[in-house]
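# Working through the structure, step by step
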Amino acid sequence: MLKLKNLTVSIEGKEILKGIDFEFEKGKTYAVMGPNGSGKSTLAYSIMGHPAYEAGEESRIEFNGTNILDMEPDERAKEGIFLSFQTPLSLSGVKVFQLLQLALNGKKDPLQIRNEAKKYAQELGISEELLNRPLNEGASGGERKKMEVLQAAVLEKKLLIFDEVDTGVDVDSLKSISNFLTKHKEDKTYIVITHYNRILHHLKPDYVLVMIGGKLAKIGGPELAKQIEDEGYGSIK
Ligand SMILES: Nc1ncnc2c1ncn2[C@@H]1O[C@H](COP(=O)(O)OP(=O)(O)OP(=O)(O)O)[C@@H](O)[C@H]1O
Ligand SMILES: [Mg+2]
């Protein structure tokens, strides 16, 4: 469903991703691990189409057969791609309902959006008060991550990329987020960028991808995440 072909990406002339070839399949869960600065967030931003990240001329990102490299982020979102940011921002004065309504643009009526958001908030342990606040205003790190997961669910995207959705999240919240993602998986594809094996105990990835220095250094199963936890990245050949 998502094919990366010779993906090189530069920021301000500095090459960060150095030729990635990989195909993500529909319905599968992928963990992406790698040392700090290895290019994981860059990969996520490049798939979403962040304008600062420039792909090489030979590069292709195909989503369901279409090269999306020339598409703007909002067009990619319409195709069904969602990125949950490593550091979710707050929006002063805008509530999550308004944002979702705008994004869904007539695809779901406001009452349905509100009901779904409320239901999902309950499942994720998000309080009514937080849900009704301007998006993420004064929200804690963990609360922001949960709000990202809630938005992904209401928007019903097909490819969901979570950039460190587990960082700064307490054990109980991690369980609610993981259980939520498992429960609402259906035929969605998850790409879960993480430093920790603990979220993978719950989410059970089909594949673990290790990025080192802007390249895919190794692909394996959940045992690879365990190896990294036990022995570090030095053990990856
Ligand atoms: N705007 C920028 N200008 C210059 N270099 C940048 C810019 N954005 C990212 N980089 C560099 O690109 C490299 C990859 O960064 P990236 O955020 O993708 O790493 P990461 O694997 O997500 O790391 P982490 O685990 O710390 O989140 C880093 O060396 C970073 O400093
Ligand atoms: Mg990152």
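Above this text sits the structure in question.
Residues numbered from 1 in each chain as written. Chains lettered and ligands numbered in written order. Predicted model: local features only at pLDDT ≥ 70, side-chain atom pairs only at ≥ 80, totals over all residues.

## Examining the pairing of strand E5 (residues 60–63)
Spelled out, the test is: Remark: C-beta atoms are placed from the backbone, and a residue is labelled buried if 20 or more other C-beta atoms sit within 10 Å of its own, exposed if 12 or fewer do, or partly exposed between those counts. Here a helix means four or more residues in a row that DSSP labels H or I, a strand means two or more in a row labelled E, and each is numbered from the N terminus. At least two DSSP bridges between two strands are needed for those strands to be called paired.
Burial of E5 is one-sided: the residues Ile 61 and Phe 63 facing one way are buried, the residues Arg 60 and Glu 62 facing the other way are not. In terms of strand pairing, strand E1 (residues 2–11) meets E5 through 4 bridges, oriented antiparallel. Bridge pairing links Leu 4 to Ile 61 in E5. Bridging between E5 and strand E6 (residues 66–67) involves 2 bridges; their strand directions are antiparallel. Across the sheet, residue Phe 63 finds its bridge partner in E6, namely Thr 66. The hairpin turn running from E5 into E6, its antiparallel successor, is 2 residues long, and Asn 64 in that turn takes a positive phi close to 50°.

## Describing unusual backbone geometry
One non-glycine residue, Glu 12, adopts positive backbone phi at about 45°. Relative to the assigned elements, Glu 12 resides in the loop between E1 and strand E2 (14–24). For Glu 186, which is not glycine, the phi dihedral falls at a positive 45°. Structurally, Glu 186 can be placed in the loop between helix H7 (171–183) and strand E9 (189–193).

## Thoughts on the sheet that holds strand E8 (residues 159–163)
What counts, and what does not: Convention adopted: a line fitted to C-alpha atoms gives each axis, helices being fitted over their contacting stretch, and angles between N-to-C directions are expressed from 0 to 180 degrees.
Strand order in this open sheet of 6 strands is E7-E8-E9-E3-E10-E11, and the pairing throughout is mixed. Of all strands in the sheet, those bounded by a partner on one side alone are strand E7 (81–84) and strand E11 (215–220). Ignoring which end each strand starts from, the neighbouring axes of this sheet average 20° apart. Bridge analysis of E8 against E9 gives 5 bridges, and the strand direction is parallel. Within E9, the residue paired with Ile 161 across the bridge is Ile 191.

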